[in-house]
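Here is how the chains run, residue by residue.
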Amino acid sequence: MKRISVILLSIFIAQPAYSNCTTTDGHELCFEASSPSLSSTLIESSQVGDINGDGVLDLVRKESSGGVDDRIVIYLGTECTIGLESSLCFETPHETAIFDIKGFSVRDIDGDGNADIEVRTATDNIQVYLQRLTVEKPNTPSEFVSLLGTNSLTAASYTASSTYSDGSSGYEPAGSFDGYRFKGSVGIVPEAISERYGYGTWTSFVNSNANQWLNIEFSINTMVESFEIFSKSGYAMRLPKDITIQYSMDGINYTDHESFIIQEVDSQVIMLSTPTPFVKHFRIFMHNNHGVNAYLQVDEILLKGWLQQ
């Protein structure tokens, strides 16, 4: 009887170890010399995919020792430097023992945007390993991670689906991350830049696009734990109401992290139930505002979290 087993695969990243460098298509690829638990390892087939969701390709191999103790071995990839060359390296493997492996594939099986592993045994039973990223918060206190002018963030780091214009550039998305309230002269946090950016707010028309977003492209991969959102004084009805927090490594494929309802108040702090992974892009997808005014407006957003070390 054929069986299909589904296994959740939690990935933890270890310190890199690498050797045996080869060159493929102009890129230097480095692999751990061998699996520590197998002698006379035979490499029967290999595929690559982002198994741990960090935006770097990982190596998945079928290995055996003389046809016995077939294993699927995962080598986690990381950006590294060997000599003066920028390289892609694979770390000490995470292993799972499966006997008599007929074949395997690396693909997104459950449609969540993460690479999973499907293994077919010689008896045509299937084991599916679904990627589930395990997020561990750093022990250090969280800090402001989204402020304009800090952590190499510039005005170009912030983008939006659309922006209202009155003939000036006063309502650009960077204004919601500069540490100033609307047309304020003093920053609301000590880390704020020396001068307000534009009007210090982002504004758009609701009726021009019902579903809109604000996006940050971090210079350093960042884990977000919470955010505080401010409305323009007296205009809380312009705040987004239903939002979805999303993240991405490439700025194209986004993963929904968590959804919230923003209250119609001057300011509020939102704690994520679990922090995001370390990501390159963080996006607030806004489905609507509070229905009173044609504008969608965010006076200020302060993200707190950690930079990847």
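Bear in mind the structure is a predicted one, so any value in this text is a computation, not a measurement. (Residues numbered from 1 in each chain as written. Predicted model: local features only at pLDDT ≥ 70, side-chain atom pairs only at ≥ 80, totals over all residues. Heavy atoms only, no water.)

Before going further, it helps to examine the confidence of the model for the protein. The share of residues in the protein with pLDDT of 70 or more is 69%, and the mean pLDDT across the chain is 77. Confidence, expressed as mean pLDDT per element, reaches its minimum in the protein at strand E2 (residues 19-24) with 40 and its maximum at strand E14 (residues 158-160) with 97. Across residues 6-40 the pLDDT falls below 50, and counting only partners more than four positions away or on other chains, this stretch makes 96 contacts in the model. Within the model, pLDDT remains below 50 along residues 81-86, and this stretch shows 10 contacts once partners closer than five positions in the same chain are excluded. (pLDDT = per-residue confidence, 0-100. Helix = DSSP H or I, 4+ residues; strand = E, 2+ residues; numbered from the N terminus. Contact = heavy atoms within 4.5 Å.)

Counted under the stated rule, the structure contains two salt bridges. When the shortest N-O distance is used, the salt bridge between arginine 181 and aspartate 266 registers 3.0 Å. With arginine 181 in the loop between E14 and strand E15 (202-205) and aspartate 266 in the loop between strand E18 (255-261) and strand E19 (267-271), this pair connects stretches of sequence that are 85 residues apart. Here aspartate 266 falls in the partly exposed class, since its relative accessible area comes to 37%. Across the salt bridge formed by aspartate 299 and arginine 181, the nearest N and O atoms sit 3.0 Å from each other. With aspartate 299 in the loop between strand E21 (295-298) and strand E22 (300-307) and arginine 181 in the loop between E14 and E15, this pair connects stretches of sequence that are 118 residues apart. Take aspartate 299 and arginine 181: they sit in the same class, and that class is buried. A single network of salt bridges, built from pairs that share partners, joins Arg181, Asp266 and Asp299. (Salt bridge = Lys/Arg side-chain N within 4 Å of Asp/Glu carboxyl O. Buried < 20%, exposed > 50% of the residue type's maximum accessible area, 1.4 Å probe, protein only.)

Here the focus is the nonpolar core. Nonpolar side chains tend toward joint burial in soluble globular proteins. By size, the foremost hydrophobic cluster in this structure holds 29 residues, and its most contacted members are Leu214, Phe227, Ile243, Met286, Ile301 and Leu303. Going through the elements one at a time, E14, strand E16 (212-230), strand E17 (242-248), strand E20 (279-286), E21 and E22 are the ones with two or more residues in this core. Among the elements that make up this core, the one with the highest residue count is E16 (six residues). Within the second largest apolar cluster, 12 residues are counted, among which are Ile51, Ile72, Val106 and Val119. (Core = buried A, V, L, I, M, F, W, Y, C linked by side-chain atoms within 4.5 Å.)

Moving on, we come to the side chain of serine 248. Structurally, serine 248 can be placed in strand E17. If near-sequence neighbours (up to four positions away) are discounted, serine 248 is found in contact with Asn253, Tyr254, Val279, Lys280 and His281.

Right, let's get into the packing of aromatic side chains. Applying the stated criterion to the full structure yields eight aromatic pairs. Centroid distance tyrosine 158 to phenylalanine 177: 4.7 Å. Interplanar angle 15 degrees. Geometry classified as stacked. With a gap of 19 residues between them, tyrosine 158 in strand E14 and phenylalanine 177 in the loop between E14 and E15 connect regions that are remote in the sequence. Take tyrosine 158 and phenylalanine 177: they sit in the same class, and that class is buried. Ring geometry for tyrosine 171 and tyrosine 199: centres 4.8 Å apart, planes at 70 degrees, overall edge-to-face. Here the residue tyrosine 171 occupies a position in the loop between E14 and E15, and tyrosine 199 occupies one in the loop between E14 and E15, the gap between them amounting to 28 residues. Members of the aromatic cluster, joined through ring pairs, are Tyr164, Tyr171, Phe182, Tyr199, Phe205 and Tyr295. Above the plane of the ring of tyrosine 199 lies lysine 183, whose end atom (NZ or CZ) is 5.0 Å from the centre. (Phe/Tyr/Trp six-rings, centres within 6.5 Å; stacked < 30°, edge-to-face > 60°. Lys NZ or Arg CZ within 6 Å of the ring centre and 35° of its normal.)

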